[in-house]
Each structure stands twice: as structure tokens, then as C-alpha cells.
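Summary of structural features
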Amino acid sequence: MLPMSSTFTIDTATSRATPTPAPMKRVTVPSILARKVKEGGGEPLVMLTAYTVRTAQLLDPHCDMLLVGDSLGQVIYGLPSTVPVTLELMAAHGAAVVRGSYHALVIIDMPFGSYEESPEQAFRSAARLLKETGAAAVKMEGGAAMAATVRFLVERGIPVMGHVGLTPQAVNTLGGYGARGRNQAEAAKIVGDAMRIAEAGAFAIVIEGVVEPIAIEITRAVPCPTIGIGASAQCDGQVLVAEDMLGLFERTPRFVRKFDDLAARISAAAAGYAAEVKARSFPGADQVYAPKA
Ligand code: KIV
């Protein structure tokens with residue numbers, strides 16, 4: 001882990017920033033799998049999203065995993081959902097996050113349309129992401145219907161993190177971003193989805209936006225760590241969108257705890273800058289541009 005006082009030397013050939021002093025070794029997929037919190041304890045896994053090199057540098061020392069989430073569609077590009085996000089965008093941001101991190105395991109979201117068609121399509125997309133970014137794993141939304149694809153990738157050397165419950169890429173079929181599993185049939189389906197994905201070899205599973213008993217049941221049922229977001233503090237780990245947690249947006253999902261108020265601080269800094277620029281006293285134009293006699 002990097003100490004808080006790290007400085008960075010930029011290698012201009014590769015754009016890679018090398019921290020001083022040197023950081024710890026990078027977290028691996030098997031070491032995450034081994035962190036399944038057994039009954040009675042263990043340290044929960046810490047995961048945040050990161051989309052850019054500088055954010056990755058700042059978050060890396062504090063996280064076990066950095067997720068290059070397709071939420072970057074809304075957070076960085078102002079898109080209405082994650083549906084329009086492309087493989088090209090994920091590869092570009094994934095490479096930046098890998099360049100900016102030394103410690104955390106970097107996982108890249110497979111964007112909508114890049115994996116659902118067939119295991120072969122998923123393999124091609126995931127292989128491209130790993131080759132072009134240097135990340136170690138991909139994340140894929142979906143339950144039982146994606147289990148064969150998860151197995152196909154894992155058996156061919158691509159670690160997969162699952163994602164069940166509220167799956168934002170399915171917003172058009174779900175009809176919104178409300179919590180899932182409010183009736184018994186839906187709850188049973190989500191638990192079954194997580195179990196199929198775990199059996200297929202996922203090394204961890206994100207559980208998003210479900211009523212708490214579902215997250216607890218899944219966490220007890222699957223052998224891999226569960227990472228909650230709007231799910232339960234009893235998951236094996238927690239993920240949040242970093243910009244939500246930093247308070248960059250006035251409106252965030254109800255479950256988000258803000259650890260800062262960056263929106264207000266950035267606005268105040270910009271206002272201070274603007275006021276100082278406007279208060280400048282400029283010399284007359286003739287003094288600046290008049291040619292020397
Ligand atoms: O895209 C994303 O940021 C995610 C997290 C919310 C888990 O999938």
C-alpha cells in the first residue's frame with residue numbers, strides 16, 4: 001500500500017507515474033477469493049470505482065479492488081444510462097486506471113452488447129479488454145442466463161466478477177433503478193442467479209440494490225466473496241461509485257454515504273478563481289502592444 005506522502009515521477013515514454021517509495025505488490029484474483037469472510041470475521045473487501053489515472057492514483061492505496069465501471073457513461077460522459085457505453089470507452093479508461101494504480105486489482109466492466117450474444121463474443125471482448133489495458137479481470141452483469149459464458153471465460157483464463165440483483169444494463173426491461181427482490185419469486189430468482197454464477201467460477205459477485213435478506217442469504221450460500229452496493233453491510237465487501245462517495249453530485253442513491261462534499265468545494269474554488277481573475281487590474285492596451293520606438 002502507498003503511504004499518504006507518496007510522490008510520482010512521470011515516465012514520459014509510457015505516461016506511467018512511478019510512485020516513490022515503491023508500493024506493495026498488486027492484489028491478485030486468488031487473494032481476493034481467499035478473503036471470503038467466514039462466519040465470525042475477516043477484514044471486509046474495499047472496492048471503489050475509478051475511471052481516470054489521477055483518481056486511480058489517489059484511491060489505489062486504500063482499495064483492494066478498483067472497478068472501471070460502465071457507470072462512467074453517466075458519471076463522466078453525461079449519458080442517460082450505461083446502455084450506450086462502448087468497448088472502446090472501457091478500454092481507454094481501463095488502461096488509464098491500470099497506469100495509475102499499483103496495488104489494487106483492476107476489474108473492467110463489460111459494456112452492454114459486448115458479451116450477451118455468445119460465450120465466444122464475450123471471450124473476444126474480454127480478451128481485448130485485458131490485452132489493451134493490463135487489467136486482470138472483467139465484470140459481467142446477469143444471472144443464470146450468463147452462467148455458461150462465465151464458465152467459458154474462466155476456463156480460458158479470464159477471471160470474472162459477477163453482478164446480480166439490480167443490473168443497470170437491463171434498465172429497459174427492469175423499468176428503472178428501484179431495489180430488486182421485493183417479492184418472493186424475484187428474491188428466489190436473484191439468489192439462484194448468484195449461485196449459478198458462483199458455480200460457474202466467478203471469483204466474486206457484486207450484489208446491487210436488493211432487499212437486505214437476499215444479500216445475506218447469497219453471502220452465506222456462495223463460496224466466493226460478495227461485494228454489496230445498496231445491499232447489506234453483511235456482504236464480504238463494499239463498493240461505491242467514487243464520485244457519489246466524494247459528494248460530487250447533489251443527488252445520489254439513498255444508500256450512498258457521502259464522505260466529502262466535493263461539489264460544494266469545487267464550486268467555491270471556481271468562484272474564488274473567477275473573482276480573482278475579474279479583480280485583476282490590466283495595464284492599458286497601448287502599454288502592452290505599442291511597438292518599441
Ligand atoms: O458500473 C459500476 O459502477 C458498477 C458498480 C455500481 C458496481 O457496476
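What this report covers is the structure whose coordinates are included nearby. (Residues numbered from 1 in each chain as written. Predicted model: local features only at pLDDT ≥ 70, side-chain atom pairs only at ≥ 80, totals over all residues. Heavy atoms only, no water.)

This paragraph deals with the site of the ligand. Around the ligand, the structure places Thr49, Leu67, Gly69, Asp70, Ser71, Asp109, Lys139, His163, Val206, Ile229 and Val241. Here an oxygen atom of the ligand and a side-chain polar atom of Asp109 are 3.1 Å apart. Contact between the ligand and Lys139: an oxygen atom at 2.9 Å from a side-chain N or O atom of the residue. The fraction of the free accessible surface of the ligand (260 Å²) that becomes covered by protein chains is 95%. Here the residues of the shell around the ligand sort into four nonpolar, four polar and three charged. (Near = heavy atom within 4 Å. Polar contact = N/O pair within 3.5 Å; in protein donor to acceptor, adjacent residues only side chain to side chain. Areas by Shrake-Rupley, 256 points an atom, 1.4 Å probe, with all protein chains shown as cover. Nonpolar A, V, L, I, M, F, W, Y, C, P; charged D, E, K, R; others polar.)

Across all of its chains, the model carries nine salt bridges by this definition. Glu132 is the salt-bridge partner of Arg128, the closest N and O atoms lying 3.0 Å from each other. Of this pair, Arg128 and Glu132 both sit in helix 5 (residues 119-133), four residues apart, which is roughly one turn of that helix. Overlapping salt bridges, with partners in common, bring together Glu88, Arg128 and Glu132 in one network. (Salt bridge = Lys/Arg side-chain N within 4 Å of Asp/Glu carboxyl O. Helix = DSSP H or I, 4+ residues; strand = E, 2+ residues; numbered from the N terminus.)

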